[in-house]
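Okay, here's what each chain looks like letter by letter:
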Amino acid sequence: MDDAYTVGDPDGLSPLLREIRDAVARELHAQLALRAERLELADVPEVAYQVTLGVDRVLTGRLTPPRRTSAGR
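Cut-offs and rules
- Residues numbered from 1 in each chain as written.
- Predicted model: local features only at pLDDT ≥ 70, side-chain atom pairs only at ≥ 80, totals over all residues.
- Heavy atoms only, no water.
- Helix = DSSP H or I, 4+ residues; strand = E, 2+ residues; numbered from the N terminus.
- Buried < 20%, exposed > 50% of the residue type's maximum accessible area, 1.4 Å probe, protein only.
- Contact = heavy atoms within 4.5 Å.
- Areas by Shrake-Rupley, 256 points an atom, 1.4 Å probe, with all protein chains shown as cover.
- Salt bridge = Lys/Arg side-chain N within 4 Å of Asp/Glu carboxyl O.
- Core = buried A, V, L, I, M, F, W, Y, C linked by side-chain atoms within 4.5 Å.

Remarks on the overall build of the protein chain
What the protein chain contains, in helices and strands, is three helices and zero strands. Each helix (α) and strand (β) of the protein chain, taken in turn from the N terminus, gives the series α-α-α. For the protein chain, the residues scored as buried account for 18% of the 73 residues in total. Long-range contacts, defined as pairs at least 24 residues apart, comprise 43% of the intrachain contacts of the protein chain with a sequence gap of at least 6. Within the structure as shown, the protein chain displays about 6,000 Å² of accessible surface, and the carbon and sulfur contribution to it stands at 59%.

Written out as structure tokens, the structure reads:
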């Protein structure tokens, strides 16, 4: 059994997967708004690219340790 279900998380997704899902949903929403709520087949590669950038931002933000400044030494 997934730990998410044992702690009462109804969608069963880990925090990382929820962030990825939300990033994908935000980008799809933005792309549909830009394209009059219609995706043409020719638009799919660009939309996929933008979604990938959004997922990368989530992963980079989570996996990159905070930068140390000269004041933090």
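Description of the pattern of salt bridges
This model, assessed by the stated rule, comprises three salt bridges. Where D22 meets R21, a salt bridge forms, and the shortest distance between an N and an O atom there is 3.1 Å. Relative accessible area serves as the criterion here: at 33%, D22 is assigned to the partly exposed category. In this structure, R35 and D43 form a salt bridge, with 3.2 Å as the shortest nitrogen-oxygen distance. The exposure class of D43 is buried, given its relative accessible area of 19%.

Some thoughts on the nonpolar core
Ranked by size, the top nonpolar core spans six residues in total: I20, A23, V47, V51, V55 and V58. Mapped onto this core, the elements with two or more residues apiece are α2 (15-34) and α3 (44-63). With residues near it in sequence (within four places) discarded, V47 still touches L28, Q31, R35 and L39.

Overview of unusual backbone geometry
The backbone phi angle of A36 is positive, close to 55°, even though this residue is not glycine. Within the fold, A36 resides in the loop between α2 and α3. Of note, the phi angle at E37 is positive, near 55°, even though the residue is not glycine.

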